[in-house]
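Given next are the chains, with one letter for each unit.
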Amino acid sequence: MSDMIIETPDEVVALLKAQHNLIEDMFDQVLHATDPHAREKPFAQLRQLLAVHETAEEMVVHPRVRREVAAGDAIVDARLGEEHSAKELLSSLEDLDITSEQFIDELGRLRDAVLAHAEHEEQEEFPKLQRKLDADERKRLATAVRAAEAIAPTHPHPGVESAKLNFAVGPFASMLDRARDLIGRATT
């Protein structure tokens, strides 16, 4: 993801929606790669974006929704359940042969789940957050999301879906993930 240039909006809802669009495009890039081996780099970038995006939402956005939005707990709990399932599926994909049909089938399942999750956020969570926060607060939240993404793990960690767990486990997992990524790039 570090070699990708993304113009990021300075407001949290627009930022997250732009990332949702990018994620959808990246799924298509992996799924439609003409050479099965050409899936490796875009899948690694997709995996990293999914991991950092969800971590940032869990650390910054969901806690704010819990505090600011009526029925925020129910909304966030449903999103966290979806995120947990997606992390489990993404984690299992890392163990599959990227050239296999099973990989493509499972990636398609993950794509459907992630896009449904994004739609739920965009319909149930983001509009309510947008109404509750003024423009300056939404800009500050976008800055916090970017900061969280900069230190987030780059691989999925099912079971770490709360802000508290992300703050406690996240830095260590991030360090290990980023070292794993560097070693992987150096050995391929």
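Bear in mind the structure is a predicted one, so any value in this text is a computation, not a measurement.

It is worth spelling out the packing of aromatic side chains at this point. Considering all chains together, one arrives at one aromatic pair under this definition. Pairing Phe43 with Phe103 gives two aromatic rings, centres 5.1 Å apart and planes at 80 degrees, and the pair type is edge-to-face. Residue Phe43 is located in helix H2 (residues 40-68), and its partner Phe103 is located in helix H4 (residues 101-132); the two are separated by 60 residues in the primary sequence. Residue class for Phe103 comes out buried when judged on its relative accessible area of 0%.

With that settled, the discussion passes to the pattern of salt bridges. Scanning the model with the defined rule gives 13 salt bridges in all. Taking the shortest distance from any N to any O, the salt bridge between Glu137 and Arg64 comes out at 3.2 Å. You can see Glu137 sitting in helix H5 (residues 135-151) and its partner Arg64 sitting in helix H2, a full 73 residues away along the chain. Exposure remark for Glu137: the relative accessible area of 21% places this residue in the partly exposed category. On the basis of relative accessible area, Arg64 is assigned to the buried category, the value being 15%. Its salt-bridge partner being Arg109, residue Glu106 comes within 2.6 Å of it at the nearest N-O pair. Highlighted residues: Glu106 and Arg109, both in helix H4, separated by three residues, approximately one helical turn. With relative accessibility at 18%, the residue Glu106 sits in the buried group. Owing to a relative accessible area of 48%, Arg109 belongs among the partly exposed residues under this scheme.

Taken over all residues, the pLDDT of the chain has a mean of 85, while the share at 70 or more is 79%. Confidence drops under pLDDT 50 across residues 1-5; counting only partners more than four residues distant or on other chains, this segment forms nine contacts.

Conventions we followed
Residues numbered from 1 in each chain as written. Predicted model: local features only at pLDDT ≥ 70, side-chain atom pairs only at ≥ 80, totals over all residues. Heavy atoms only, no water. Phe/Tyr/Trp six-rings, centres within 6.5 Å; stacked < 30°, edge-to-face > 60°. Helix = DSSP H or I, 4+ residues; strand = E, 2+ residues; numbered from the N terminus. Buried < 20%, exposed > 50% of the residue type's maximum accessible area, 1.4 Å probe, protein only. Salt bridge = Lys/Arg side-chain N within 4 Å of Asp/Glu carboxyl O. pLDDT = per-residue confidence, 0-100. Contact = heavy atoms within 4.5 Å.

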